[in-house]
Amino acid sequence: MASRFTRLATSVPKFARGYAAAPAVIKAPITLFGLDGRYATALYTAAARQNTLEAVEKDLKTLNSAVEKDSTLKAFLENPTINRAAKMEGINAVLSKSGKANQITQNFFETLAENGRLNQTAKVIASFGELMSAHRNELPLVVTSAKALDKATLNKIVESLQKSTLAEGKKLLVSNKVKPDILGGIMVEVGDKSIDLTVSAKLSKLNKLITDSI
């Protein structure tokens, strides 16, 4: 397996005339662990060498969108009884819907197929997304609320947090998660930090105070 990782990450790109040579050493912006992290890092390194990070990212988003919308496709990729060639045909069919996939993307999924790891596709795509966010100096901001928040409200939250130390000087990428059982208020998650301002959390603290006082 190690040799296949190495082959993917160290393949020498063939640039068209007029393109400058890529740096000999490419370092991922963050260190990821686990099998999906290793594959995602190898893909990032190979794509960075050919200056095709955005093209590969587009391919992965196309595939991920298809997998999320079609549970049959997800089960197809994760089914160990289906041979690898059939799975590759399925992946190529999905990628071709948005035009010809980047060669690095195709080579990568062939490597996954050879290693019998196509069942890791969703996790690898998610890990690659983390690498691309770090590459762009972005930080995920998740705002959880009982009801969907309008764009103006989300923008105010972003503007406020962007000036704080929580942003770490990075660009905040906001997403709104709806969770009715928090009852009201919001929970803010910036990277690995969180601020719980939900009604459910306040009620929980109140119940604890009441219980402790009995």
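It should be emphasised that the depicted structure is a prediction, and the values quoted were computed from it without experimental measurement.

1. Comments concerning the overall build of the protein
Assigned secondary structure in the protein consists of nine helices and four strands. Tracing the protein from N to C terminus, the helices and strands come up as α-α-α-α-α-α-α-β-α-β-β-β-α. Considering the protein as a whole, with its 214 residues, one finds that 36% of them fall into the buried category. Pairs at least 24 apart in sequence give 69% of the contacts found in the protein among residues at least 6 apart. When the accessible surface of the protein is split by element, carbon and sulfur atoms take 55% of a total near 13,000 Å².

2. Let's talk about the nonpolar core
Residues Tyr44, Leu63, Ile91, Phe109 and Phe128 are the most contacted members of the largest nonpolar core, which totals 34 residues. Residue assignment for this core shows that the elements contributing at least two residues are helix H2 (34-49), helix H3 (53-69), helix H4 (71-78), helix H5 (84-96), helix H6 (103-114) and helix H7 (121-135). In terms of residue count, the dominant contributor to this core is H2 (seven residues). The contact partners of phenylalanine 128, leaving out residues within four places of it in the chain, are Ala40, Leu43, Tyr44, Leu53, Val56, Glu57 and Leu60. Residues Ile157, Leu161, Leu172 and Val190 belong to the second largest nonpolar core, which totals twelve residues.

3. Notes on unusual backbone geometry
Phi angles above zero are rare outside glycine, and asparagine 51 is one such case at about 55 degrees. Among the secondary structure elements, asparagine 51 is positioned in the loop between H2 and H3. Under the relative-accessibility criterion, asparagine 51 is labelled exposed at 54%. You will see that glutamate 168, though not glycine, has its phi angle at about 55 degrees, which is positive. Here glutamate 168 lies in the loop between helix H8 (151-162) and strand S2 (171-178). Judged by its relative accessible area of 43%, glutamate 168 is partly exposed.

Rules of the game
- Residues numbered from 1 in each chain as written.
- Predicted model: local features only at pLDDT ≥ 70, side-chain atom pairs only at ≥ 80, totals over all residues.
- Heavy atoms only, no water.
- Helix = DSSP H or I, 4+ residues; strand = E, 2+ residues; numbered from the N terminus.
- Buried < 20%, exposed > 50% of the residue type's maximum accessible area, 1.4 Å probe, protein only.
- Contact = heavy atoms within 4.5 Å.
- Areas by Shrake-Rupley, 256 points an atom, 1.4 Å probe, with all protein chains shown as cover.
- Core = buried A, V, L, I, M, F, W, Y, C linked by side-chain atoms within 4.5 Å.

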